[in-house]
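Structure at a glance
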Amino acid sequence: MNEIGMVMALYGSGNSYNGYIPKEIANLKHLRNLSVGGILDVEESFKSICMLSNLSSLDLSYTPLNMDISKIDFSAWKNLERFSAIGCQLYGKLPESMKQLTKIRDILISDNRNMKEDGSYYGIDGEIASFFPYWPYLERFEASSCMLTGPLPEISDEQGLFLKTFFVDDNAFTGSIPESHVKILDNMIEIQNDPNMGWNRFGYDISDNLLSGKVPEVILNHETFPIYLYQIMLQNYEPYVFDKTDIPWWTYKLKSTDGVEYDFGKIFKSNKYTI
């Protein structure tokens, strides 16, 4: 609660609730953060949540919603800065109403690829590139292990000031890596040099997709590329499908027990690859 006793946050995840969120939750006029869990009546619950126009954070992670995400109306939450729905058994395409989330900073929708009884898969699918221009303040986008397709989104100059996490590994993105993704790697340098920031929440992973073509020179020659080598180069079905890519390596020297110093950068470059 705030200093005058008004409820600002409700944290209920990790519980075994049954039923639905009642419409009376709309009486909490100052509610900003809502986290729920359990087995919910999805239709009734979302009718109530949609009345919370002042929400800045909505966390539904690991709640088995088992619903079409395109049926969620995000237009009521124009102040939303954080949306988390990890492992919620969501499926379908992102709704157009998500383009109204112009204040959004964190979108976390990983692990929404689900298996049917017959062994086939369903999950969050479709393309996402057209959504990114509407999210200028985005800091974290995590959509690993879904069924997303199409090209990787371009990163605008404005997003390049903020975006520090981009996890879209284990999907079905196609095409090449946009040159604008170097802006995310630039942010990694700042984080690496800041002793107060950890690596656990930040990073870049586009592995296990269907990407091909050329790796942009600005990314290939970026000082953080060796750190994210595997998260960039490894792709589904046929690893290293990028055209004529010479993989660089950072300079790393180590002295052996007999006193000889080895430069692993030079050793790496001297290798001859046949496959």
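Above: the structure in question.
The following refers to the structure shown.

Quick notes on the rules
Residues numbered from 1 in each chain as written. Predicted model: local features only at pLDDT ≥ 70, side-chain atom pairs only at ≥ 80, totals over all residues. Heavy atoms only, no water. Helix = DSSP H or I, 4+ residues; strand = E, 2+ residues; numbered from the N terminus. Contact = heavy atoms within 4.5 Å. Areas by Shrake-Rupley, 256 points an atom, 1.4 Å probe, with all protein chains shown as cover. Lys, Arg positive; Asp, Glu negative; His and termini not counted. Charge placed at Lys NZ, Arg CZ, Asp CG, Glu CD. Disulfide = S-S within 2.5 Å. Buried < 20%, exposed > 50% of the residue type's maximum accessible area, 1.4 Å probe, protein only. 1 Å grid on protein atoms, 1.4 Å probe; cavity = no way out; pocket = protein on both sides within 12 Å on 5 of 7 lines; lining within 4 Å. Points joined across faces, edges and corners; volume = space filled by probe spheres on them. Nonpolar A, V, L, I, M, F, W, Y, C, P; charged D, E, K, R; others polar. Salt bridge = Lys/Arg side-chain N within 4 Å of Asp/Glu carboxyl O. Arc of directions from axis to C-beta. Core = buried A, V, L, I, M, F, W, Y, C linked by side-chain atoms within 4.5 Å. Pairing = 2+ DSSP bridges. Axes fitted to C-alpha atoms, helices over the stretch in contact; angles between N-to-C directions. Polar contact = N/O pair within 3.5 Å; in protein donor to acceptor, adjacent residues only side chain to side chain. Patch = residues over 30% accessible without salt bridge, like charges linked within 9 Å, V, L, I, M, F, W, Y side chains within 5 Å.

Thoughts on the overall build of the chain
Within the chain, the secondary structure is distributed over five helices and 18 strands. When the backbone C-alpha atoms are referred to their principal axes, the chain occupies close to 70 × 50 × 35 Å. Once local pairs closer than 6 in sequence are excluded, the contacts in the chain between residues at least 24 apart make up 63%. Just so you have it, the chain exposes about 14800 Å², and 51% of that area is on carbon and sulfur atoms. Of the side chains in the chain, 24 bear a positive and 37 a negative charge, and the two mean positions are spaced by 3 Å.

Side note on the state of the cysteines
Scanning the model with the defined rule gives zero disulfides in all. We note that Cys146 lacks a disulfide partner, and the nearest cysteine sulfur, in Cys88, lies 11 Å from it. Assessed through its relative accessible area of 1%, Cys146 is described here as buried.

Some points on the layout of surface pockets
Taken as a whole, the second largest pocket encloses approximately 220 Å³ of empty space. Residue classes in the lining of the second largest pocket are distributed as 10 nonpolar, five polar and one charged.

Let's talk about the pattern of salt bridges
Counting across every chain of the model gives 10 salt bridges. Arg113 is paired through a salt bridge with Asp170; the nearest N and O atoms lie 2.7 Å apart. Remark: Asp170 occurs in the loop between strand E13 (165–167) and strand E14 (172–175) and Arg113 occurs in strand E9 (residues 113–115); sequence separation between them is 57 residues. Arg113 sits in the partly exposed class, given a relative accessible area of 31%. What makes Asp170 partly exposed here is its relative accessible area of 23%. Measuring nitrogen to oxygen at the nearest pair gives 2.7 Å for the salt bridge that ties Glu142 to Arg140.

Details of helix H1 (residues 42–49)
Turn by turn, an α-helix covers 3.6 residues, leaving residues three or four places apart pointing in a common direction. Those residues of H1 that sit buried are Val42, Ser45, Phe46, Ser48 and Ile49. Taken end-on, H1 shows its buried residues confined to a sector of 155 degrees, consistent with a single buried face. Residues of H1 that are buried in the fold lie against strand E2 (18–19), strand E3 (33–35), strand E4 (39–40) and strand E5 (57–59).

Section: the nonpolar core
If you look at the biggest cluster of nonpolar residues, it comprises 64 residues, and the most contacted ones within it are Trp135, Phe141 and Phe166. Elements that contribute at least two residues to this core include exactly H1, helix H2 (182–192), helix H3 (217–220) and helix H4 (229–233). Considering each element in turn, this core owes the most residues, four residues, to H2. Setting aside residues up to four positions removed in sequence, Trp135 forms contacts with Leu94, Met98, Lys99, Leu101, Ile104, Ile107, Phe141 and Gln159.

Focus on the sheet that holds E5
Spatially, the eight strands line up as an open sheet ordered E1-E3-E5-E6-E8-E11-E13-E15, and their pairing is parallel. Looking at which strands have only one partner, the edges of the open sheet turn out to be strand E1 (9–11) and strand E15 (203–205). The mean inter-strand angle of the sheet, taken between neighbouring strand axes irrespective of direction, is 10 degrees. Across three bridges, E13 lies against E15 in parallel orientation. The partner of Phe167 across the bridge, within E15, is Asp205.

Remarks on the side chain of Asp68
Relative to the elements of secondary structure, Asp68 occurs in the loop between E5 and strand E6 (82–84). Among buried Asp, Glu, Lys and Arg side chains, Asp68 stands out as unpaired, with Lys71 the closest opposite charge at 5.2 Å. Engagement of the side chain of Asp68 in a polar contact is seen with the side chain of Ser70, the distance being 2.7 Å. Setting aside residues up to four positions removed in sequence, Asp68 forms contacts with Tyr91, Gly92 and Lys93.

What to know about a nonpolar patch on the surface
The grouping of Tyr252, Leu254, Val260, Tyr262, Phe264 and Ile267 at the surface amounts to a nonpolar patch, some 510 Å² of accessible area in total. Topologically, Tyr262 is positioned in strand E18 (residues 261–263). The exposure class assigned to Tyr262 is partly exposed, which follows from its relative accessible area of 39%.

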